[in-house]
Protein chains: 6
Amino acid sequence: MTEGRDILYEIHDKVAIITLNLPQVYNSLNNDQYLLLGKLVERANDNNSTLFTLIQSTGKYFSSGANVKDISLDFNVDVNNDLEETKYWLNNFTSRNAYLTHIFYSHKKILVGALNGPCIGLTTGLVALMDIIYSINDEDVFLLAPFANLGLVTEGGIGYTLLSRLGLSYANEALLLSKPIHVKRLLQIGFINKNFQFKSNQVDQFNKSVLKELLNSSINLESESILDIKEIIKSNYLKDLESINSKEIIIGLKKWLKHLPQERFKKIASKNLKHKL
Amino acid sequence: MTEGRDILYEIHDKVAIITLNLPQVYNSLNNDQYLLLGKLVERANDNNSTLFTLIQSTGKYFSSGANVKDISLDFNVDVNNDLEETKYWLNNFTSRNAYLTHIFYSHKKILVGALNGPCIGLTTGLVALMDIIYSINDEDVFLLAPFANLGLVTEGGIGYTLLSRLGLSYANEALLLSKPIHVKRLLQIGFINKNFQFKSNQVDQFNKSVLKELLNSSINLESESILDIKEIIKSNYLKDLESINSKEIIIGLKKWLKHLPQERFKKIASKNLKHKL
Amino acid sequence: MTEGRDILYEIHDKVAIITLNLPQVYNSLNNDQYLLLGKLVERANDNNSTLFTLIQSTGKYFSSGANVKDISLDFNVDVNNDLEETKYWLNNFTSRNAYLTHIFYSHKKILVGALNGPCIGLTTGLVALMDIIYSINDEDVFLLAPFANLGLVTEGGIGYTLLSRLGLSYANEALLLSKPIHVKRLLQIGFINKNFQFKSNQVDQFNKSVLKELLNSSINLESESILDIKEIIKSNYLKDLESINSKEIIIGLKKWLKHLPQERFKKIASKNLKHKL
Amino acid sequence: MTEGRDILYEIHDKVAIITLNLPQVYNSLNNDQYLLLGKLVERANDNNSTLFTLIQSTGKYFSSGANVKDISLDFNVDVNNDLEETKYWLNNFTSRNAYLTHIFYSHKKILVGALNGPCIGLTTGLVALMDIIYSINDEDVFLLAPFANLGLVTEGGIGYTLLSRLGLSYANEALLLSKPIHVKRLLQIGFINKNFQFKSNQVDQFNKSVLKELLNSSINLESESILDIKEIIKSNYLKDLESINSKEIIIGLKKWLKHLPQERFKKIASKNLKHKL
Amino acid sequence: MTEGRDILYEIHDKVAIITLNLPQVYNSLNNDQYLLLGKLVERANDNNSTLFTLIQSTGKYFSSGANVKDISLDFNVDVNNDLEETKYWLNNFTSRNAYLTHIFYSHKKILVGALNGPCIGLTTGLVALMDIIYSINDEDVFLLAPFANLGLVTEGGIGYTLLSRLGLSYANEALLLSKPIHVKRLLQIGFINKNFQFKSNQVDQFNKSVLKELLNSSINLESESILDIKEIIKSNYLKDLESINSKEIIIGLKKWLKHLPQERFKKIASKNLKHKL
Amino acid sequence: MTEGRDILYEIHDKVAIITLNLPQVYNSLNNDQYLLLGKLVERANDNNSTLFTLIQSTGKYFSSGANVKDISLDFNVDVNNDLEETKYWLNNFTSRNAYLTHIFYSHKKILVGALNGPCIGLTTGLVALMDIIYSINDEDVFLLAPFANLGLVTEGGIGYTLLSRLGLSYANEALLLSKPIHVKRLLQIGFINKNFQFKSNQVDQFNKSVLKELLNSSINLESESILDIKEIIKSNYLKDLESINSKEIIIGLKKWLKHLPQERFKKIASKNLKHKL
């Protein structure tokens, strides 16, 4: 198990802190690491003493998404056996995304993201499922959902959450055109709650300040009220989000079975396709 | 009846003006006064000659919410008789909130709020049900929904309206963390339509200017069209709002029956709990 | 057929360009011209080689809405024959709006609007159905939905789209009070994606720059992914939009049958009613 | 105007009676007659003294649907002019169906159908929008929605109402396979409220008995309560129905523009296509 | 407290049994008794050892609804004081119905009704919220929702549940025309799960058989699965039900404030109005 | 690949016929066989010449559900490694159910089931997703959804479809109490369209008759109309179905991770738990 190395988990007072700790690969995550992230969020959910689940990161990127270079992923899986290939992508794509998205949107605590840098791909979908989002004060912070660039479709429920949180115009730019949405815009539109006055080389101070902010925020709050209010708010949109999740996990599968993302990733690797960054 | 003293009602051309007139208690309202507010909004609804229902206030606060110090409220009601206690809070909490929320969201005229100062609690829920919202130009104007601070849950449908009008990030800050949302942010995000250039000690001029603005706005408008357009717009979200209202009035009741808000209010009274202001 | 004169259609690489070309009447459109617009959007939809459908315009206005001065419209139609009058407005109002709104919200490509100037009436409804919206950098650009001013109700699904894209406060101002929403606010609130640095007398350069922007945006995007993502996003709200469209086309009809808009248009023509501009 | 001849309208106590009176053509209706039906239903809606709107018929059929042999319908309309052809079918199909469907589902009184015989096509859609449905006791009574047989799609909201009232299995048989649903099944499944013991040659007695049943039923009922209860019930499904109506009126239009129904009707006329009866 | 006398509560293995025990008044319930019923259902909800909550009755009627003859209800309340009268009916109508309906539809166990005889009024609404419904084999068993007869509107969410469980035709007969729905029809349409072969004078044996049936049914079932499945099923319709509940509790209030039901009840008492039985 | 042996696929005129061909194990299916079923349904979907997709079976059972005795399933997977165990059940439960359910509800042709005998478990969920359902005339035909008996939750969207197709009372019996629903009831309630007069030992004749029925039904139907009508009907409920699917695939996973079904299956194998048949 890679917990305690790739992704850290600790309890600080009322806050469960989950830290992406793979700065050398820009916190890209392979399938096992994504599942581990889900398991740790579940663990935080089951902890009766916490109120917040804070997901923070290390290094220059919050997360650069799925680690497609990871040796555990095999693009050349048995393409002559349709059934085997379907199973492969069901197990390496559909089930991971179904699970992670569910774990995030069914989380009962206040889910907080601390964006220390850019966030890309599936992780952007997960960030868009968080309740409260803070960022470091660096104009290079952005969210990127490059699914159209990669021959995929939206993931992590982002086909619902971005529309709802950014409005149609920006959501379309981000999702149809794979455009990054920069921190300035995210602040203006109210997607990011607050910008902390640290630079990208001050991630530790940023993370500590976010933690302090949460601890201060929670003084005198009644936890039972918070959990109930969160459930009331979520009841507004849960059905819509579940419906989009249902679509995304199978329509995305079909793209893998048509080899669209495989070709895109190969081109990126061979420098014949400029990545959307 | 306290109409004409605690809450004023007058017709000015096409505008029914309802004025909260309890500046000495920051326009906190006891149960009877909240019901009176509802009855006056109903009266405005039934007036065939008006187009706008303007709710304005006096003094430093638009409204500081429920007046829990009011002698008519008895926190020590028969706690040894579960049935009696349930009846007490059904009658002093559930029925009031069910009624007021319905009266506001079923209002047919253009419902306008003129925020002369901060607004807190249930009244914040009612403001969030208004069609058009103006504010005085004072950085101390804010909305506060301190339900998590008071051991309660959201009221007045605000579990729906804030999500819809502020976006998830700000709504969560306001509702899960009981944070005030200040006028600057409310303007930026488009919750407040317009800021009038008066200070907090110029409430009369502010209220007059809002009235003038409405009268000017209504020149050459066809009332029948407006009422139909409002009904069309409302049909988008009425079901969601009714559903949240249904939850809020009973989940809140259960908090009173668990004595969470009673303990909170006692602590506040004894200065052992810092209020969220 | 007026294609190639009143409204132009050309394919430029991945972009189908539809140009409103009636600058002398501020691109107001009569019924046939609106239908033609719909047919051209359908044609773009069926073109397998394009990814974008760009709707641009000429002269000072993007479009000033329905051309009510057009000789083809007869306000005095057989008012003594209820059945004939109903047929007349069904055919000259209901069927046009039902068709156009459907054609726009069922469009599969990325639908882009290039606002070279103000946009009024039904065309504002159509703009609010577009995926991505750019504007020229001129403070006189605005959207106007003067239906309450004209004795009508909302058209083109705008009773849904403005609420969703502007928030309740601004949508109410625009729809209940027929207030123009100016470009500055549209940018701030994220309705307009980007402002191009051209003035109102540089429409050609503006249109060329928008085209260039789209061509640049589409480099390295997978079309199949885009079409699927758009369908996923649209599945969030299509039912709500269809429901509003259903209401608008018949409630509007009833206004014509009560002669409210006819009287309003006559007053405007005779200068006895100040138009909302 | 054909009222008083083709379709009769009379008030009997609390009941507005609308009678289809074209037994010689099996109460098939041309476009003007369908519009007239809509106008009469509107008139009944506006009558303050009635509680029921009873739609009954004459002869062997309740209604055999649209009268496609009517000389007013021109299948050969200008097929070389796409715009003109679109206008033609917008005016002769889309607008009629949009209007009629809306008039029926927005009706405020208790809408009662008295099925004296088979009902086919668009009229079946209208029957499925009625609140209470009675039938004569004849095994040849059936509902038929032969849209798949005619190259069309569902009309009158029947894509929603049959699913809701018959369940998926029967709705699919009726709509996908154009199968008639016979009175026995309609009674068993609870679509028809009650079967009156008259035969198909006793239509007058049947109609009189239905009227008597309604008058008896309404003794001691509070009209205001009924209207409010109907509105409460309708609020459960109105949005879904409006959404389906929006789809049906334009997807059907596209079938006419592809000439599918025209070819089908020609084949039927030339006996080369066996009609689904 | 009247528990143990008016309404009985006992635990039998996995079944919490709640027995209406006022056969002398046909199990009509006054406000306190309805609240007590709600509290007992809540108690059953909180019992970790039970799986079923069985509501059964005694004597000839399951329940004849609200006991309007009860001396605790004052029809002549302060009709000259609108505010006081509003409070009176909020407290004696709105809050009771809001609470009871919520308690029933938020119940987590399998809620079973054993109909030993007719059921009328608000209790019919509660029965329609139950998961599984058994009846005695007596043709006089019926459900009656006489709200239109009494100048009221639907209660207990029955404006949603009857539509959903009986289909539109029967729901309309029951709710718009206040017609009783008899056991034969309820069985045929699948509203009642099963008819037990006992007559109306064998209530004890019937109740015992129902209990035995439940105990047999629950052998080898996994409780956690059942609770989760119930929650999954309920998520299909909870929002719709909450929305209807929100409407019913305030629209009904308005009827009391217009004195419609008061007049009806007076007429019934004076024999001038034939009750719908 | 086991196609052509375990599951057969053939085209007969307008009908793609998929035959479950494992009568020796009562057509229970292991994971690979379920995926194969999905792939064949997809193949039928992509065949431009067919209108119907008929799923039929062989032997005494239509299908007895998941083959849990299949050696490919390992109940003892690495229970000491939470991450590995989660992956195991994601891949052997969640991904299969997500995929199959999606394939069935996104199928564009008329999906027909021919029930030659009982149907159990996941396959019952799939049957409930079919458009038209026929059965052999044998009183032993039943549907069983024994998820509560097996420590699981509903699968294949049956938490939505049974409620919608059987009504709440019967759906609750079937899903909460794991009761079989027999053919007689299914016919009465309109779940099964038609009963063919063959006995359980005449499966071949039954299958041939169903095929003949479909071929006869399709005479003179316009395929394009049928596909569009099916899409219109499906748009009524697709979102609700997707939402339930999203819940079922993860809540079921959690049951496996809690070892509830494993223990149940072990008890059944050791005869200590009487199966619900």
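Residues numbered from 1 in each chain as written. Chains lettered and ligands numbered in written order. Predicted model: local features only at pLDDT ≥ 70, side-chain atom pairs only at ≥ 80, totals over all residues. Heavy atoms only, no water.

To be explicit about the condition: UniProt positions are given in the numbering used here, feature names are shortened, and annotations may be inferred rather than shown by experiment.
The name an unreviewed UniProt entry gives chain A is 3-hydroxyisobutyryl-coenzyme A hydrolase, with Wickerhamomyces mucosus as the organism. Heading Pathway (unreviewed entry) of the UniProt record for chain A holds this comment: "Lipid metabolism; fatty acid beta-oxidation." As its UniProt record puts it under Sequence similarities (unreviewed entry), chain A is described as follows: "Belongs to the enoyl-CoA hydratase/isomerase family."

## What to know about the interface of chain B and chain A
In plain terms, the rule: Throughout, a residue-residue contact means that at least one pair of heavy atoms, one from each residue, lies within 4.5 Å. Buried area is calculated as the accessible area (1.4 Å probe) missing from two parts once they are joined, with the contributions of both summed. Polar contact is defined as a pair of N or O atoms within 3.5 Å, subject to the rule that within protein one atom must be able to donate a hydrogen and the other to accept it, and that residues adjacent in sequence are counted only when both atoms are side-chain atoms. Numbered from the N terminus, helices here are DSSP runs of H or I no shorter than four residues, and strands are runs of E no shorter than two. In the scheme used here, Gly and all other residues not listed as nonpolar or charged are polar, with Ala, Val, Leu, Ile, Met, Phe, Trp, Tyr, Cys and Pro taken as nonpolar and Asp, Glu, Lys and Arg as charged.
Counting from both sides, the interface comprises 35 residues of chain B and, opposite them, 31 residues of chain A. Approximately 2800 Å² of surface area, both sides summed, lies buried where chain B meets chain A, with 56% of it carried by carbon and sulfur atoms. Counting the contacts that link chain B with chain A gives 18 residue pairs in polar contact (both at pLDDT 80 or more). Elements represented by at least two residues in the side of chain B that touches chain A include exactly α4 (158–166), α5 (168–176), α6 (183–188), α9 (238–257) and α10 (260–269) of chain B. In terms of residues, the side of chain B that touches chain A owes the most to one element, α5(B), which gives seven residues. The residue inventory of the side of chain B that touches chain A, partitioned by class, reads 16 nonpolar, eight polar and eleven charged.

## Notes on the packing of aromatic side chains
Quick reminder of the rule: Paired rings are identified among Phe, Tyr and Trp, the last through its six-membered ring, by centres lying within 6.5 Å, and are further divided according to the angle between planes into stacked (under 30 degrees), edge-to-face (over 60) and tilted (the rest). Burial classes follow relative accessibility: with a 1.4 Å probe on protein chains only, a residue under 20% of its type's maximum area counts as buried, one over 50% as exposed, and anything between as partly exposed. The rule is short: NZ of Lys or CZ of Arg within 6 Å of the ring centre and within 35 degrees of the ring normal puts a charge over the ring.
Scanning all chains against the criterion turns up 48 aromatic pairs over all chains. Relative to F206(A), the ring of F196(A) has its centre 5.8 Å away and its plane inclined at 70°; by these criteria the two rings are edge-to-face. Of this pair, F196(A) sits in strand β9 (residues 194–196) while F206(A) sits in helix α7 (residues 203–217), and the two are ten residues apart along the sequence. The pair F196(A) / F206(A) is uniform in exposure class, with both members buried. Put simply, the rings of Y88(A), W89(A), F93(A), W256(A) and F265(A) pair up and form one aromatic cluster. Taking NZ or CZ as reference, K194(E) lies 4.8 Å from the ring centre of F196(E), over its face.

## Re helix α8 (residues 223–235) of chain C
Keep this limit in mind: In a helix, the anticipated span is given by 1.5 Å times the number of residues less one.
Taking 1.5 Å as the rise per residue, α8(C) with 13 residues should run 18 Å; its terminal C-alpha atoms sit 18 Å apart, in good agreement. When we look at burial in α8(C), the residues that qualify are S225(C), I226(C), D228(C), I229(C), K230(C), I232(C), I233(C) and K234(C). Its buried side turned inward, α8(C) meets α4 (158–166), α5 (168–176) and α9 (238–257) of chain A together with α2 (82–105), β4 (110–115) and α9 (238–257) of chain C.

## Description of the arrangement of the chains
Contact between chain C and chain E is absent, and the minimum C-alpha spacing across the pair is 15 Å. There is a clear gap between chain B and chain F: no contact, and 15 Å between their nearest C-alpha atoms.

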